[in-house]
Amino acid sequence: MPLRCWDARRHVSDYLDDALDPEVRRAVEAHVAGCPTCPPLVAALAGTTEALGRMRDPDHVVDPEVAERLRRRAATGAALR
């Protein structure tokens, strides 16, 4: 059954995260392919998601030595000073 714009738009975030089951993914893609208003929205959200992903801090922001000390203290229940 074809999706209406509202229904397709509810799934855009999961679509961009590749978190939809195949049937819903195909329905969203079919809707976007034939809709005059949804493609710009999906493209804008995809661009925004990509831009925000590039701004993400690397996982190694905390010095590895400091992270290891914190892990050890947390494991032993030692108070942090």
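Above this text you will find the structure in question.
The rules behind each value
- Residues numbered from 1 in each chain as written.
- Predicted model: local features only at pLDDT ≥ 70, side-chain atom pairs only at ≥ 80, totals over all residues.
- Heavy atoms only, no water.
- Helix = DSSP H or I, 4+ residues; strand = E, 2+ residues; numbered from the N terminus.
- Expected span 1.5 Å × (residues − 1).
- Buried < 20%, exposed > 50% of the residue type's maximum accessible area, 1.4 Å probe, protein only.
- Arc of directions from axis to C-beta.
- Contact = heavy atoms within 4.5 Å.
- Polar contact = N/O pair within 3.5 Å; in protein donor to acceptor, adjacent residues only side chain to side chain.
- Salt bridge = Lys/Arg side-chain N within 4 Å of Asp/Glu carboxyl O.

This paragraph deals with helix H3 (residues 22–34). Note: α-helices contain 3.6 residues per turn, so residues at a spacing of three or four share the same orientation. Across its 13 residues, H3 extends 18 Å between first and last C-alpha, which sits within 8% of the 18 Å expected from 1.5 Å per residue. Along H3, the positions that sit buried rather than exposed are Val28, His31 and Val32. Each buried residue of H3 lies within a common arc of 95 degrees when the element is viewed along its axis, so the set occupies one face. Looking at H3, the residues exposed on the side facing more than 90 degrees away from the buried face are Pro22, Glu23, Arg26, Ala30, Ala33 and Gly34. Buried residues belonging to H3 abut helix H1 (5–10), helix H2 (12–16) and helix H4 (38–55). Taking the backbone nitrogen of Glu23 as reference, a side-chain oxygen 3.1 Å away marks Asp21 as the first, capping residue of H3.

Enumeration over the complete set of coordinates arrives at six salt bridges. Notably, a salt bridge pairs Arg54 with Glu50, separated by 3.0 Å at the nearest N-O pair. Here Arg54 and its partner Glu50 are both found in helix H4, four residues apart, which amounts to about one turn of the helix. A relative accessible area of 59% means that Arg54 is categorised as exposed. Judged by its relative accessible area of 52%, Glu50 falls in the exposed class. A salt bridge links Arg71 to Glu68, with the shortest nitrogen-to-oxygen separation between them at 3.1 Å. A residue pair is termed a helical-turn pair when its members lie 3 or 4 positions apart in one helix, as Arg71 and Glu68 do in helix H5 (residues 64–76) at three residues. Residue classification places Glu68 among the partly exposed positions, given a relative accessible area of 34%. Within the structure, one salt-bridge network assembled from shared partners comprises Asp18, Arg25 and Glu29.

Coordinates in, geometry out; function isn't part of it.
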